[in-house]
Amino acid sequence: MKTVLKVVGIVVALLIVVAIVLPFLVNVNSFRPQIESNLSSALGRRVKVGDLRLGIFSGSVGADQLSIADDPKFSSAPFIQAKSLQVGVELMPLIFSKQLNVTRILIDHPEINLLCNREGVWNFSSLGNQAAQSAKAAEKTSSAPANVNVAKLDLADGTISVGSISGKRKPIVYDKVNVAVRNFSFTSVFPVIASARLPGGGSLKIDGTAGPINSTDTSLTPVQAKLNLKKLDLSQSALVDPELGITGSADFEGTLSSDGHIAKAGGTLKATSLKLVPKGSPAGVPVQVVFAVEHDLKQESGKLVQG
């Protein structure tokens, strides 16, 4: 028994020594240009990260900050900025051959700025276009899979600001944003789970799939998802133009699907204190509607097909 305890003690001691010594032997900051270059190539935007540190027990490389540039046609401010970034790595290749193999990416407390121009084009539309085009070109010339993929991609406790470059409308902010993407690739379908707190205290949950990424306009990427909205404040949401005078609280449960050309949404909407015109009065009873709509993403036009 004493021999076993001694062996365990030696192993534990060795692990502690390794954890203390390795960060001095492996200069992870030397990988910062490679990480910035790989992320910049994948996103088609300039990416900057802070000083790197190696976490032996977590098997990750951490950075103090992250900044992803916006499309210059929309803004000179960052599209995404975050307090910290964690990049999961394979430790053995890193330690023995100085090779950086990324297994996961965690962006902590990201601040994401979504902007729309007068033509209805969003600033995320060009995100990743260059990488997607390069990946598809590589697939045509080689049987090897595209090299832009991440097993786990997570955004934790973030905020999303939705506004327009005209500045006529105050940006709407969604907080407590969490996004989990698995087996991300520009050329295949990948699962996505997302949640957020809505302005006014409601909640949003999305569970579905997306991809492959559209190589010319990211906003036209195919999507299949289930949506659940609770206590959506219509007057504070980005879904309703405040000039229409529509107010009330709504719950919605349904589906959203898009093939990159036509987006379809359907389900059950239950609204309370609903007001549909500026000078109207809120409804005294709940209003429940089962509906389905179709929207042409390129023509920016839609129609009600069931209601």
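A brief look at the structure comes next.

Quick notes on the rules
- Residues numbered from 1 in each chain as written.
- Predicted model: local features only at pLDDT ≥ 70, side-chain atom pairs only at ≥ 80, totals over all residues.
- Heavy atoms only, no water.
- Helix = DSSP H or I, 4+ residues; strand = E, 2+ residues; numbered from the N terminus.
- Buried < 20%, exposed > 50% of the residue type's maximum accessible area, 1.4 Å probe, protein only.
- Polar contact = N/O pair within 3.5 Å; in protein donor to acceptor, adjacent residues only side chain to side chain.
- Contact = heavy atoms within 4.5 Å.
- Salt bridge = Lys/Arg side-chain N within 4 Å of Asp/Glu carboxyl O.
- Pairing = 2+ DSSP bridges.
- Core = buried A, V, L, I, M, F, W, Y, C linked by side-chain atoms within 4.5 Å.
- Phe/Tyr/Trp six-rings, centres within 6.5 Å; stacked < 30°, edge-to-face > 60°.
- Lys NZ or Arg CZ within 6 Å of the ring centre and 35° of its normal.

Attention now goes to unusual backbone geometry. Residues Gly211 and Pro212 are joined by a peptide bond in cis, for which omega reads -5 degrees. Along the chain, Pro212 turns up in the loop between strand 12 (203-210) and strand 13 (223-233). For Lys176, which is not glycine, the phi dihedral falls at a positive 55 degrees. In this structure, Lys176 sits in strand 10 (residues 172-185). With phi around 55 degrees, Asn183 is a residue other than glycine that occupies positive phi space. Along the chain, the position of Asn183 falls in strand 10. Taking relative accessible area as the criterion, Asn183 reaches 53% and is therefore assigned exposed.

Let us look at the side chain of Thr218. In this fold, Thr218 is placed in the loop between strand 12 and strand 13. Judged by its relative accessible area of 16%, Thr218 is buried. Here Leu127 takes part through its backbone oxygen, which lies 2.5 Å from a polar atom of the side chain of Thr218.

Moving on: the environment of Val47. Looking at the element boundaries, Val47 is found in strand 1 (residues 47-49). What makes Val47 buried here is its relative accessible area of 2%. Spatially, the C-alpha atom of Val47 lies 5.7 Å from that of Ser67, the residues being 20 residues apart in sequence. In this structure, Val47 is in contact with Glu36, Leu39, Ser40, Leu66, Ser67 and Ile68, ignoring residues within four places of it in sequence.

To continue, consider the pattern of salt bridges. In this structure the tally under the stated criterion is 3 salt bridges. Note that Asp70 and Arg45 form a salt bridge whose closest N and O atoms lie 3.7 Å from each other. A residue pair is termed long-range when its members are at least 10 positions apart, and Asp70 in the loop between strand 4 (66-69) and strand 5 (78-82) and Arg45 in the loop between helix 2 (32-43) and strand 1 qualify at 25 residues. Asp70 gets classed as buried once you look at its relative accessible area, which sits at 7%. On the basis of relative accessible area, Arg45 is assigned to the buried category, the value being 6%. The closest approach of N and O atoms between Asp175 and Arg197, which form a salt bridge, is 2.6 Å. Here Asp175, found in strand 10, pairs with Arg197, found in strand 11 (residues 190-197); they are 22 residues apart in sequence, far enough to count as distant.

Two strands pair when backbone bridges link them, and strand 8 (residues 111-116) and strand 9 (residues 149-164) are joined in this way by 6 bridges, in the parallel orientation. Bridge pairing in strand 9 links Leu115 to Gly163. Bridge count for strand 9 against strand 10 is 10 bridges, and the pairing is antiparallel. When the bridges of strand 10 are listed, Lys152 appears paired with Arg182.

Below, the discussion takes up the nonpolar core. In terms of nonpolar packing, the biggest core is built from 49 residues, with Val49, Leu66, Leu85, Ile105, Ile107 and Phe190 touching the most fellow members. If we skip the residues at most four places from it in the chain, Leu66 touches Val47, Lys48, Val49, Ile80, Gln81, Ala82, Leu85 and Ile107.

Along the chain, Ser273 turns up in strand 15 (residues 262-275). For Ser273, a relative accessible area of 43% gives the class partly exposed. On a C-alpha basis, the gap between Ser273 and Thr247 in space is 7.6 Å, while along the polypeptide they are 26 residues apart. Once residues within four sequence positions are removed from consideration, Ser273 is found in contact with Thr247, Gly248, Pro282 and Ala283.

This brings us to the packing of aromatic side chains. Taken as a whole, this structure holds 4 aromatic pairs when the rule is applied. Seen from their ring centres, Phe184 and Phe186 are 5.2 Å apart, and the 75 degrees between their planes marks the pair as edge-to-face. Overall, Phe184 belongs to the buried group, its relative accessible area being 15%. One aromatic cluster is present, formed by Phe184, Phe186 and Phe190 through successive ring pairs. Directly above the ring of Phe79 sits Arg45, whose terminal nitrogen or CZ lies 5.3 Å from the centroid.

This paragraph deals with the environment of Arg118. Among the secondary structure elements, Arg118 is positioned in the loop between strand 8 and helix 4 (129-141). On the basis of relative accessible area, Arg118 is assigned to the exposed category, the value being 67%. Once the C-alpha coordinates of Arg118 and Ile165 are considered, the two residues, 47 residues apart in sequence, prove to be 7.9 Å apart.

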